[in-house]
Every structure is written in C-alpha cells, then in structure tokens.
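Examining the three-dimensional arrangement
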Amino acid sequence: MPENRPPDSAPIPFYDTVGIGAGPAGLSLAALFGVLAPREIALFDAQAGPGWHSGMLHPGVRMQTGWVKDLVSLLDPTHPLSLLNYLVTTGKVYALVGANFDSIPRLEYTQYLAWAAAQIPRLTYSTRIDKISVDDAIVTYAEGRPIARSEHLVLGQGTVAHLPEFFGDLAASDRVIVADVLADRIGELPADLDAPIVVIGGGQTSAECAGALLGRGYRNIRWIGRRSWFAPLEDSPAANDLYRPSYQEYFVQLPAEDRKRLVADQLLTSDGITPGTLRDLYQVNYEGRLREGRFPMTIMPGREVTGATMAGDEIELVCQTSGGEERLRAAYVVVAAGRRNAPMPFDEEMDELIDRDDNGDVIIEADYSLRWKYSDRNKIFVLNRGRFSHGLVDSNVSILPIRSAIIINSLAERKVFNIRDEYLSTQWA
Ligand SMILES: Cc1cc2nc3c(=O)[nH]c(=O)nc-3n(C[C@H](O)[C@H](O)[C@H](O)COP(=O)(O)OP(=O)(O)OC[C@H]3O[C@@H](n4cnc5c(N)ncnc54)[C@H](O)[C@@H]3O)c2cc1C
C-alpha cells in the first residue's frame, strides 16, 4: 500500500479541497493554498513520485517558457517555492546564470518541481484516482475504495498522448513508440544505425524525438508532419501579449465562436517548434551530410498519415499528400501526434450532473469551475482543460499562479490575491 494511504478500517479523511494530479498546475495551487489556512488541500497523483514528462527528457531539451514563469513568482515573488529560491537554496544559482542558457533545461524545471513537491504537505503519490462520486460531499476513490471526502475538487490531470486510430492492433506492437516514452525506450532501438525510423508529428515533441534519434547516430530517419512546413513557435512580444492575465480576462467573456476562431488563429504561439530546436536539427542534419554524403534525416512536411499495417518485419505507413498517396516503410515508428485531456473519473451518476454544451463539452466558468448541479455547494475546478474557454495560455505554465489565484479567490469568495497586469499598450477589440 502506498505511504500515507489510510488502512481499510480508518475513517475517511475530510479536506476542504482534494486535488487530482500533482503536475505543475496542481503544485502551483497547493503552494498558494496556504493563504486559506486552516482550510487544507490534499493532492493525489498516480505517479510513483515527482516527475514531469520524464519519458521525454532527452539530452539537451529546454523549457519553452522563461524561468520566471514558475509555480508562484508572477503572483507572489516572495513565496518560498519560487524557482529563484530553489536555485539559491540548492547552491545552483551562479552556475546556472553563468551557463547563459537562453532557456533553462527541462531537467532543471523537473528538479525544481520535485524540490517544491517535497515541501507541499498532504501530497500522496502512487494513487491513481479511478472514481469520483458525490453524496453530501465529494468522494474520491483509488482502487475502488474511498480515500478522501472533500467540499471542493480540483482536476489537474493534465493530458495524455494521442495514438491515432489507424494504428489499430499495431498500437500494442513494440515497433510503435509513443513519444512520451521514447527517452525510456530509445535503448531498445536496433544497433543498426541504418534502420529506417519514421517520426510522426509536427510539434515540439516530434522535433525533440527526431533530435534524440539523430543524437544517437541514426541516419535513416524520416520526419513526417501534416502542416506544409515544420512551423516555429511564435514567441514575439505581440504573441506574448496573448499570455497575459489581461488578455485572458478579455478572452473569457467573448462568445464561444470567437474564442474558437482565436484559438485556431493563435495556435503557433503554443504548438510551434522552438526556433533553437529547429536550428539544431537542421545544423546536425547538414553536418551529417558533410560527413556521410547524405542527410541522416529526410524532412517530410505536408503529409497526413492515414494508415499503418505490418509488412513483413516492417511497418508500412500510408500518407496522403498533395501529389497523391505515398507509402513509407519503417522498422520503428515514433508517434508524437498531439495530446488529449485526461478523462475525468466521475462515476456515471455524477457525470450526469455535469452541464455540457451542444458539443458535449463541459462548461468552464471564468473562475475555472465546472457548471454542474451542486456548484453552489461543492465547486469543481479544472486546470489545463480550458483552451477554448480561457485561451491557449491554459495549456501551458505561463500564468499558472494567476490561475491558482483566481481559484483561491473563488474558494474564499473574496479577493485574497490581487492580480496585477498593468502597462498594457495593446487595446483588444
Ligand atoms: C514534453 C513536454 C514539454 C512541455 N514543455 C512545456 C514548457 O516548456 N512550457 C510550458 O508552458 N508548457 C510545456 N508543456 C505543456 C505542459 O503539459 C503543461 O505546461 C504542464 O505539464 C501542465 O501541467 P499540468 O499539471 O496541467 O499537467 P501534467 O504536467 O500532465 O500533470 C498532470 C498530473 O496528473 C496526474 N494524474 C492524471 N490523472 C490522474 C488520476 N486519475 N489520478 C491521479 N493522478 C492523475 C498525472 O500523473 C500527472 O502527474 C510541455 C508538455 C510536454 C508534453
């Protein structure tokens, strides 16, 4: 039994709030929750211990966001769980600053999260929440057993990798590797560096997978993307305007159709590839050509993969291109085809009490709470699920502490935190 889990006969503990998921979103909320003392939040996470996309920690991977965008600083820079405090108290600060990173290593951010998690009380790992029900409180279950009751609930479950349906039974094959686990499985790939390997995906994750394979010396890589080019992340000051609390305040009150259109229009501010990553890939590829007389990686945008079958020992992919159908063979396929929200584990009865719009999507209010039957009595907040309600900023770490502050203000029914975002030169329509 995981540590801290009450034995079967123990009374079920009651908390003000239960949070499912201790990723950056849940940790930020728990870090700031202290202002509501004596009210308490308890966090549960399925992982065995602290970790953040650990199967994608390839050598050299960097944050796509600046280091000041930590769990707390943009709201409360004096908070003890700031990244700066982590750097100073662990003795790293001079070495890190001196190393002149444009953007800090993801490994650093992961270690920062682990350091912060160790200081957050009532955080239990190895506990996958498999059911949530409601009676006069919200009841959270693991392994079919109630483990906590609470007045309020926060779903901070993040996202899971999407494996396209055309893989069918091949999904179970060890020849198909989901990007999420490539760092763990890269050692299983063939020793033959000429083995054909295809990477599918047009975002940062696919670029990092391609880079990891190049780094291992593979020289028969094909990188396939759906867009007409492997588009860079848009990170200009104009794009950064969209990642401010003031923009979010404007965004949430727009009609749903407008919000949907804006998300599509602004996609590359979130889903593009860091220019530095692209540059590294092109440079390594160029050098490979100088050394070996051929590019180790063929860059293949403008292709939509629609089918995959086993052909002898290899996987055959069917791609649609503007020039017609194309078939590609690979010994291994690495899939970085986007992510989906993790499913919310409400039991059937509770699920029926959750309001949904005409598309069947949950309705997220401005304070990140779900609209549901008992929202006056028991609030349910969702983190990182509001791309279409709060904008693209909701799916990354840019303004985590601001989201935490809005939720805490809502729970307190007063302005515990003052969110300041002034000096705005842009006037939204
Ligand atoms: C490789 C990669 C790199 C990224 N880099 C950046 C970046 O540099 N900057 C940026 O802004 N964004 C980045 N992102 C986006 C990133 O996902 C989010 O910014 C961030 O992880 C969101 O945090 P989260 O807490 O919402 O979700 P997650 O980090 O996914 O955490 C969710 C947690 O919930 C737990 N969980 C889920 N379901 C259950 C359950 N039923 N029971 C118990 N626990 C559960 C999971 O174990 C997990 O620990 C990156 C994403 C990926 C995949």
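As the structure is a computational prediction, the values presented were derived from the model and not from experiment.

**What to know about the environment of Ala137**
- With respect to the element layout, Ala137 can be found in the loop between β4 (129–134) and β5 (138–142).
- Exposure remark for Ala137: the relative accessible area of 4% places this residue in the buried category.
- The spatial distance from the C-alpha of Ala137 to the C-alpha of Glu325 is 55 Å, given a sequence separation of 188 residues.
- Once residues within four sequence positions are removed from consideration, Ala137 is found in contact with Phe14, Arg149, Ser150, Arg377 and Asn378.

**Quick look at a nonpolar patch on the surface**
- A cluster of nonpolar side chains, namely Trp67, Val68, Leu74, Leu84 and Val88, defines an oily patch on the protein surface of about 430 Å² accessible area.
- Within the element layout of this structure, Val88 appears in helix α2 (residues 83–89).

**Observations concerning helix α4 (residues 106–117)**
- Its 12 residues give α4 an end-to-end C-alpha distance of 16 Å, which sits within 8% of 16 Å, the value for a rise of 1.5 Å per residue.
- Burial analysis of α4 places nine of its 12 residues in the buried class, the great majority of the element.
- Those residues of α4 that fall on the buried side of the exposure criterion are Arg106, Glu108, Tyr109, Thr110, Tyr112, Leu113, Trp115, Ala116 and Ala117.
- On its buried face, α4 is in contact with α1 (24–32), α2, α3 (93–98), β3 (123–124), α6 (204–215) and α14 (400–412).

**Section: the pattern of salt bridges**
- This structure, assessed with the given rule, holds 25 salt bridges.
- Notably, a salt bridge pairs Glu316 with Arg329, separated by 3.1 Å at the nearest N-O pair. Linking Glu316 in strand β13 (residues 314–321) with Arg329 in strand β14 (residues 324–330), this pair joins segments that are 13 residues apart in sequence.
- Note on Glu316: relative accessible area 15%, which makes it buried.
- In this structure Arg329 comes out as partly exposed when scored by relative accessible area, which is 39%.
- Its salt-bridge partner being Arg420, residue Glu422 comes within 2.8 Å of it at the nearest N-O pair.
- In this structure, a network of salt bridges that share partners links the residues Asp194, Arg219, Glu292 and Arg294.

**Let's talk about the nonpolar core**
- Judged by nonpolar contacts, the single largest core of 56 residues is most densely connected at Leu27, Leu71, Tyr109, Tyr112 and Leu123.
- Sorting the residues of this core by element identifies α1, β2 (41–44), α2, α3, α4, α8 (245–252), α9 (256–265) and α14 as the ones contributing at least two each.
- Other than its neighbours up to four places away in sequence, Leu27 contacts Ala22, Leu43, Leu71, Leu113, Ala117, Ile120 and Leu123.
- Of all hydrophobic cores here, the second largest spans 26 residues; its members include Leu182, Ile186, Ala210 and Leu281.

**Remarks on the pairing of strand β12 (residues 304–311)**
- The pairing of β12 with β13 spans seven bridges and is classified as antiparallel. Of the residues in β13, the one forming a bridge with Gly307 is Val318.
- Taken together, β12 and the strand that follows it, β13, pair antiparallel across an intervening segment of two residues, in which Gly312 is found at a positive phi of about 65°.

**Some details on the site of the ligand**
- Surrounding the ligand, one finds 28 residues, the nearest of these being Asp45, Gln64, Thr65, Asn396 and Val397.
- Between the ligand and His53, the relevant distance is 3.1 Å, taken from an oxygen atom to a side-chain nitrogen or oxygen of the residue.
- In this structure, Ile129 approaches the ligand through a main-chain N or O atom, which is 2.9 Å from a nitrogen atom.
- Here the ligand, which alone exposes 970 Å², has 90% of that area covered by the protein.
- Of the residues in the shell around the ligand, the class split is 10 nonpolar, 14 polar and four charged.

**Describing the packing of aromatic side chains**
- Scanning the model with the defined rule gives 12 aromatic pairs in all.
- Taking 6.0 Å as the distance between ring centres and 20° as the angle between the ring planes, the aromatic pair formed by Tyr250 and Trp428 counts as stacked. Within this pair, whereas Tyr250 is found in helix α8, its partner Trp428 is found in the segment after α14, the two being separated by 178 residues in sequence.
- For Tyr250, a relative accessible area of 19% translates into the label buried.
- One aromatic cluster is present, formed by Trp52, Tyr86, Tyr109, Tyr112 and Trp115 through successive ring pairs.
- Lying over the aromatic face of Tyr332, Arg175 brings its terminal NZ or CZ to 5.1 Å of the ring centre.
- Over the aromatic face of Tyr374 sits the side chain of Arg377, whose NZ or CZ is 4.3 Å from the ring centroid.

**Quick look at the environment of Leu383**
- Tracing the sequence through the fold places Leu383 in the loop between β17 (380–382) and α13 (387–390).
- Residues Leu383 and Pro24, 359 residues apart in the sequence, show an inter-C-alpha distance of 10 Å.
- Contacts of Leu383, omitting those with residues within four sequence positions, involve Ala25, Gly26, Val154, Leu155, Gly156, Asp394, Arg403 and Ile407.

**Looking at the pairing of β2**
- Side chains Ile41 and Leu43 project from β2 onto one buried face, and the interleaved Ala42 and Phe44 project onto a second face that is buried too.
- Relative to β2, strand β1 (residues 14–20) is paired through four bridges, and the arrangement is parallel. Paired with Val18 across the bridge in β2 is Ala42.
- Remark: the β1/α1/β2 crossover connection has right-handed handedness.

**Points about the packing of α6 against helix α11 (residues 275–292)**
- Packing of α6 against α11 leaves a shortest axis separation of 10 Å and a crossing angle of 30°. Considering the angle they form, α6 stands roughly parallel to α11. Handedness of the α6/α11 crossing: left-handed. Two secondary-structure elements touch here, α6 through Gln204, Ala207, Ala210, Gly211 and Leu214 and α11 through Thr277, Leu281, Val284 and Asn285.

Quick notes on the rules
- Residues numbered from 1 in each chain as written.
- Predicted model: local features only at pLDDT ≥ 70, side-chain atom pairs only at ≥ 80, totals over all residues.
- Heavy atoms only, no water.
- Helix = DSSP H or I, 4+ residues; strand = E, 2+ residues; numbered from the N terminus.
- Buried < 20%, exposed > 50% of the residue type's maximum accessible area, 1.4 Å probe, protein only.
- Contact = heavy atoms within 4.5 Å.
- Patch = residues over 30% accessible without salt bridge, like charges linked within 9 Å, V, L, I, M, F, W, Y side chains within 5 Å.
- Areas by Shrake-Rupley, 256 points an atom, 1.4 Å probe, with all protein chains shown as cover.
- Salt bridge = Lys/Arg side-chain N within 4 Å of Asp/Glu carboxyl O.
- Expected span 1.5 Å × (residues − 1).
- Core = buried A, V, L, I, M, F, W, Y, C linked by side-chain atoms within 4.5 Å.
- Pairing = 2+ DSSP bridges.
- Near = heavy atom within 4 Å.
- Polar contact = N/O pair within 3.5 Å; in protein donor to acceptor, adjacent residues only side chain to side chain.
- Nonpolar A, V, L, I, M, F, W, Y, C, P; charged D, E, K, R; others polar.
- Phe/Tyr/Trp six-rings, centres within 6.5 Å; stacked < 30°, edge-to-face > 60°.
- Lys NZ or Arg CZ within 6 Å of the ring centre and 35° of its normal.
- Right-handed = clockwise from strand over helix to strand, strands pointing away.
- Axes fitted to C-alpha atoms, helices over the stretch in contact; angles between N-to-C directions.
- Parallel < 35°, antiparallel > 145°, perpendicular 65-115°, else oblique.
- Left-handed = near helix turned anticlockwise from the far one by under 90°.

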